[in-house]
Amino acid sequence: MASLIELNNVRRTYQVGGEAVHALDGVDLTINEGDFVAIVGTSGSGKSTLMHMLGLMDRPDSGQMRFEGNDVTKLRAAAQATLRARKLGFIFQAFNLLPRLTVTENVLLPVTYARDGPGDAKERVVSTLDRVGLAHRAKHRPSQMSGGERQRVAIARALINRPRLILADEPTGNLDTQNVERILTLFKELNAEGQTIVLVTHDLDVAATAKRQIKMADGKIVSSDEASD
Ligand code: ADP
Ligand code: MG
């Protein structure tokens, strides 16, 4: 399968009190279309920094990064934002829904950001909410829903622009066991339908759900299964 993202010898260093912290210390990573990757590693190992790279929210200090074959190493913030809005979907531990908006309005937000996203946005909201099992909750507000339901709204929001890649940072961290199962089943189904997914987790059972596990330590990838092909 075609490679979606390629990182070559990517470094990201923070200066903290005159000292260099190597958050990413020469990372090589290829993520292919159709991959389902779990990133694991202890706190401070560089997982979030890597996710920010993959999510085009940061740039390498050195090394190279490609997205859909194009060099994005030095992409400016505005161009990053456009790519992000059109090509990526984000899911967070704390759901990050806007409380005053309805489910439908929350799911529609990325359509607004992407401007020229695929047409028929209203129809897509209906079909996407249906896909995550929440068609009956379209007019609810986040406060009227359970944590598992809120995360499924967030997944619908991440899916609405038909992203090339879904990035999820501890997506099950705030959920009870039953809802963890439900969300993981949804991820597996979406991946089986061709959706590329990268998630960060400290839960090894969650990581085992993915097709591929990447372990980080001290800013380096210390073990990685091969990209699927
Ligand atoms: P993880 O997500 O695995 O816990 P991070 O990617 O957040 O790890 O952090 C990797 C290292 O980089 C840590 O040592 C952390 O303290 C440092 N770091 C991350 N972000 C910053 C920042 N904005 N400024 C300074 N140091 C940072
Ligand atoms: Mg982190």
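Summary of the structure given here. (Residues numbered from 1 in each chain as written. Chains lettered and ligands numbered in written order. Predicted model: local features only at pLDDT ≥ 70, side-chain atom pairs only at ≥ 80, totals over all residues. Heavy atoms only, no water.)

### As for the sheet that holds strand β9 (residues 212-217)
Spelled out, the test is: For two strands to be treated as a pair, DSSP must find at least two bridges joining them. A run of H or I in DSSP becomes a helix once it reaches four residues, and a run of E becomes a strand once it reaches two; helices and strands are each numbered from the N terminus. Axes, fitted as lines to C-alpha atoms, cover a helix only where it is in contact. Angles between the N-to-C directions of the axes lie from 0 to 180 degrees. The contact criterion used is simple: two residues touch if any of their non-hydrogen atoms lie within 4.5 Å.
Strands sit in the order β6-β7-β8-β3-β9-β10 across an open sheet of 6 strands; the sheet is mixed. Sheet topology places β6 (88-92) and β10 (220-224) at the edges, where each strand pairs with a single neighbour. In this sheet, neighbouring strand axes are inclined to one another by 20 degrees on average, regardless of whether the strands run parallel or antiparallel. Examined bridge by bridge, strand β3 (residues 36-41) and β9 share 5 bridges and lie parallel to one another. Paired with Val37 across the strands is Arg212, a residue of β9. Helix α2 (residues 77-87) contacts β6 and β7 (165-169) of the sheet and is inclined by roughly 80 degrees relative to β6.

### Looking at the environment of Leu159
Examined against the element boundaries, Leu159 turns out to sit in helix α5 (residues 147-159). Sequence-wise, Leu159 and Leu129 are 30 residues apart; in three dimensions their C-alpha atoms are separated by 9.7 Å.

### Brief notes about the pattern of salt bridges
Rule in force here: Think of a salt bridge as a Lys or Arg side-chain nitrogen and an Asp or Glu carboxyl oxygen that are within 4 Å of each other. Throughout, exposure labels follow a simple rule: accessible area from a 1.4 Å probe, protein chains only, divided by the maximum for the residue type, with under 20% read as buried, over 50% as exposed, and the rest as partly exposed.
Counted by the stated rule, this structure contains 11 salt bridges. In this structure, Glu189 engages Arg131 in a salt bridge whose closest nitrogen and oxygen atoms are separated by 3.1 Å. A residue pair is termed long-range when its members are at least 10 positions apart, and Glu189 in helix α6 (residues 177-192) and Arg131 in helix α4 (residues 121-131) qualify at 58 residues. Owing to a relative accessible area of 35%, Glu189 belongs among the partly exposed residues under this scheme. Assessed through its relative accessible area of 26%, Arg131 is described here as partly exposed. In this structure, Arg131 engages Glu193 in a salt bridge whose closest nitrogen and oxygen atoms are separated by 2.8 Å. Of this pair, Arg131 sits in helix α4 while Glu193 sits in the loop between α6 and β8 (196-200), placing them 62 residues apart in sequence.

### What about the nonpolar core?
We count it as follows: Note on terminology: a nonpolar core comprises buried Ala, Val, Leu, Ile, Met, Phe, Trp, Tyr and Cys residues joined through side-chain atoms within 4.5 Å.
Core analysis: the largest hydrophobic core is formed by 37 residues, its most contacted members being Val107, Ile155 and Phe187. For Phe187, the residues in contact, after removing those within four places along its chain, are Phe36, Ile91, Ile155, Ala168, Pro171, Ile197 and Leu199. Core analysis: the next-biggest nonpolar cluster, separate from the first, contains 27 residues, Ile5, Leu56, Phe90 and Val200 among them.

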